[in-house]
Amino acid sequence: MIGEFLTIRSHKNGKPVQLPIHPDVREGLSKMPAGEYFFGSGAVNPKSCVGDWQRTFRRLGSLAGVHIHAHRWRHPFATELLSKGVPVSEVAAILGNSPRIIEKHYSQWIQARQESINTAVKATW
C-alpha cells in the first residue's frame, strides 16, 4: 500500500525529505511490484540511479523529438512553490539547497521579497 507521502533522498545533501504524492502518481506506484525502492534497488550508488534516469529521459526525448532532462522540472517546481508563498527555507529543504542559494537563483519569484522591495522604495517617497 502506497501512503500519502513518499520519502525521497535529496541528491544534493543526502538528507531525507518526505513529500506528498499526487493521487495519480500514488495509483501508478501502487501497481508496481512491492519493494522499498521505486526508482532504484537501494543496493547501488544513488548516482547510478540518477544516471539511469538521465539516460531514460534522453531516450524518451529522442523518441519524442525534444530535448529533455530531469533537471528541467526543478526550476518550474521551485518557482511555483515560491510564487504560492512557500517559505524560502522550506523550498530549500525540498530541493536540498541552502536558503541562500534559493534566494540567489529564484529571488524574482519570492513574493514576500518583492513586497519588501516595493515597501522600501515607497518609503523613500
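Bear in mind the structure is a predicted one, so any value in this text is a computation, not a measurement. (Residues numbered from 1 in each chain as written. Predicted model: local features only at pLDDT ≥ 70, side-chain atom pairs only at ≥ 80, totals over all residues. Heavy atoms only, no water.)

Caption draft 1: Representation of the overall build of the protein within the structure. Counting its regular elements, the protein contains 6 helices and 2 strands. Intrachain contacts of the protein at a sequence separation of at least 6 include 33% that bridge at least 24 residues. (Helix = DSSP H or I, 4+ residues; strand = E, 2+ residues; numbered from the N terminus. Contact = heavy atoms within 4.5 Å.)

Caption draft 2: Spotlight on helix 4 (residues 88–95). Among the residues making up helix 4, those that are buried are Val88, Val91, Ala92, Ile94 and Leu95. Along helix 4, the residues classed as buried sweep out an arc of 165° about the axis, all on the same side. Buried positions along helix 4 lie against strand 2 (16–20), helix 3 (74–83) and helix 5 (99–106). The positive-phi residue at the C-terminal boundary of helix 4 is Gly96, with phi of around 80°. (Buried < 20%, exposed > 50% of the residue type's maximum accessible area, 1.4 Å probe, protein only. Arc of directions from axis to C-beta.)

Caption draft 3: Representation of the pattern of salt bridges. Tallied over the full model, the rule gives 2 salt bridges. Between Lys84 and Glu80 there is a salt bridge, with its nearest N and O atoms 3.5 Å apart. (Salt bridge = Lys/Arg side-chain N within 4 Å of Asp/Glu carboxyl O.)

Caption draft 4: Quick look at the nonpolar core. Membership of the largest hydrophobic core is limited to 11 residues, which are Ala78, Leu81, Leu82, Val88, Val91, Ala92, Ile94, Leu95, Ile102, Tyr106 and Ile110. Looking at this core, the elements with two or more residues in it are helix 3, helix 4 and helix 5. The dominant element in this core, judged by the number of residues it contributes, is helix 4, at 5 residues. Those residues in contact with Val91, other than ones at most four positions away along the chain, are Ala78, Leu81, Leu82, Val86 and Ile102. (Core = buried A, V, L, I, M, F, W, Y, C linked by side-chain atoms within 4.5 Å.)

Caption draft 5: A nonpolar patch on the surface, seen in detail. Together, Ile117, Val121 and Trp125 give the surface a local cluster of nonpolar side chains, amounting to about 370 Å² of exposed area. Of note, Ile117 is situated in helix 6 (residues 111–123). (Patch = residues over 30% accessible without salt bridge, like charges linked within 9 Å, V, L, I, M, F, W, Y side chains within 5 Å. Areas by Shrake-Rupley, 256 points an atom, 1.4 Å probe, with all protein chains shown as cover.)

Caption draft 6: Just the packing of helix 3 against helix 4, in detail. Where helix 3 meets helix 4, the axes come as close as 10 Å, and the angle between the chain directions of the two elements is 155°. Accordingly, the angle class assigned to the pair helix 3 and helix 4 is roughly antiparallel. Here helix 3 runs over helix 4; the crossing is right-handed. In contact with Arg74, Phe77, Ala78, Leu81 and Leu82 of helix 3, helix 4 contributes Val88, Val91, Ile94 and Leu95. Looking at side-chain class alone, the contact of helix 3 with helix 4 contains 8 nonpolar, no polar and 1 charged residues. (Axes fitted to C-alpha atoms, helices over the stretch in contact; angles between N-to-C directions. Parallel < 35°, antiparallel > 145°, perpendicular 65-115°, else oblique. Left-handed = near helix turned anticlockwise from the far one by under 90°. Nonpolar A, V, L, I, M, F, W, Y, C, P; charged D, E, K, R; others polar.)

Caption draft 7: Focus on the packing of helix 4 against helix 5. Viewed as axis vectors pointing N to C, helix 4 and helix 5 meet at an angle of 100°, and their least axial separation amounts to 8 Å. Considering the angle they form, helix 4 stands roughly perpendicular to helix 5. In this structure, helix 4 contributes Val88, Ser89, Val91, Ala92 and Leu95 to the contact, and helix 5 contributes Pro99, Ile102, Glu103 and Tyr106.

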